[in-house]
Structure formats: C-alpha cells, structure tokens
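Here are the chains, one letter per residue:
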Amino acid sequence: YGMGKEQQAEVRELLISLVLHTDMSKHFATVHALRASIDQRGSDPEQWASATETVLRVLLHLADVSNPARPLQQATKWSSSLNL
C-alpha cells in the first residue's frame with residue numbers, strides 16, 4: 001500500500017509499541033519519560049522533532065485514560081459503544 005516491506009515492519013513495530021504502552025503498568029514509566037523529555041527539550045518545538053515515539057506514546061496514553069475524566073453520561077455512552 002505504498003510502503004515497502006521494511007517500512008511496513010517499522011510501522012508495525014511502532015504501532016505495537018504504542019499500544020503496549022497504554023497498559024497502566026507502564027503509566028509511571030511513560031510519565032517519567034515525558035518529564036525527562038520536557039527537561040531535556042524544553043518548549044521549543046524544533047527540539048521535539050527527535051522525540052516522535054515519546055510524543056505518540058503520551059498522546060495515545062492520554063486518549064486511552066481520558067474517558068473517566070468525561071462527564072459520567074458521556075463516559076458511559078462512549079464505554080457502551082466500545083463494548084458491543
């Protein structure tokens with residue numbers, strides 16, 4: 001689909017890593033990695049170009065844990081739609 005075998009393998013490996021890091025047992029390691037990246041890179045967006053995987057891990061983790069922070073009715077509706 002427009003990617004070679006090597007690139008497909010890299011993307012697959014990245015996606016698997018990202019999904020595995022949504023496990024709550026990895027929560028504190030993810031938070032620690034984000035804090036270390038912030039300390040190292042600061043707020044300059046150009047400094048974050050090399051931290052793509054860390055940023056993707058954090059964004060996916062935030063999306064994964066955000067549902068309980070929603071209003072109860074909205075969180076319940078969303079959870080129900082996932083448990084078909």
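Look a little higher up for the structure.
These remarks concern the structure in this document. (Residues numbered from 1 in each chain as written. Predicted model: local features only at pLDDT ≥ 70, side-chain atom pairs only at ≥ 80, totals over all residues. Heavy atoms only, no water.)

Turning next to the overall build of the protein. Helix and strand counts for the protein come out as 4 helices and 0 strands. Reading the secondary structure of the protein in the N-to-C direction produces α-α-α-α. Taken against the 2.2 N^0.38 rule, which gives 12 Å for 84 residues, the C-alpha radius of gyration of the protein at 16 Å runs more than 25% over that of a compact globule. Out of the 84 residues in the protein, the part that is buried amounts to 15%. Considering only intrachain contacts with a sequence separation of at least 6, the fraction spanning at least 24 residues in the protein is 51%. When the accessible surface of the protein is totalled, it reaches about 6900 Å², and 60% of it is carbon and sulfur. Computing the positive centroid from 8 side-chain charges and the negative centroid from 9, the protein places the two 9 Å apart. (Helix = DSSP H or I, 4+ residues; strand = E, 2+ residues; numbered from the N terminus. Rg over C-alpha atoms; globule rule 2.2 N^0.38 Å. Buried < 20%, exposed > 50% of the residue type's maximum accessible area, 1.4 Å probe, protein only. Contact = heavy atoms within 4.5 Å. Areas by Shrake-Rupley, 256 points an atom, 1.4 Å probe, with all protein chains shown as cover. Lys, Arg positive; Asp, Glu negative; His and termini not counted. Charge placed at Lys NZ, Arg CZ, Asp CG, Glu CD.)

Within this structure, the stated rule accounts for 0 aromatic pairs. We note Arg41 situated over the ring of Trp48; from NZ or CZ to the ring centre the distance is 5.7 Å. (Phe/Tyr/Trp six-rings, centres within 6.5 Å; stacked < 30°, edge-to-face > 60°. Lys NZ or Arg CZ within 6 Å of the ring centre and 35° of its normal.)

Its place among the elements puts Ser66 in the loop between α3 (52-65) and α4 (72-82). Under the relative-accessibility criterion, Ser66 is labelled partly exposed at 27%. Here the side chain of Ser66 touches Ala63 through a polar contact of 3.1 Å, landing on its backbone oxygen. (Polar contact = N/O pair within 3.5 Å; in protein donor to acceptor, adjacent residues only side chain to side chain.)

Right, let's talk about a nonpolar patch on the surface for a bit. A contiguous nonpolar patch, built from Met24, Val55, Leu56, Leu59, Leu62 and Val65 and spanning about 480 Å² of accessible area, is present on the exposed surface. In this fold, Val65 is placed in helix α3. Judged by relative accessible area, Val65 falls into the partly exposed class, the value being 32%. (Patch = residues over 30% accessible without salt bridge, like charges linked within 9 Å, V, L, I, M, F, W, Y side chains within 5 Å. Salt bridge = Lys/Arg side-chain N within 4 Å of Asp/Glu carboxyl O.)

Remark: helix α2 (residues 27-41) packs on α3, axes separated minimally by 10 Å, with the N-to-C direction vectors making an angle of 130 degrees. On the basis of their axis angle, the class for α2 and α3 is oblique. Of the two elements, α2 crosses α3, and the hand of that crossing is left-handed. The residues of α3 that touch α2, namely those facing His27, Thr30, Ala33, Leu34 and Ser37, are Thr54, Val58 and His61. Within the contact of α2 with α3, the residues separate by chemical class into 3 nonpolar, 5 polar and no charged. (Axes fitted to C-alpha atoms, helices over the stretch in contact; angles between N-to-C directions. Parallel < 35°, antiparallel > 145°, perpendicular 65-115°, else oblique. Left-handed = near helix turned anticlockwise from the far one by under 90°. Nonpolar A, V, L, I, M, F, W, Y, C, P; charged D, E, K, R; others polar.)

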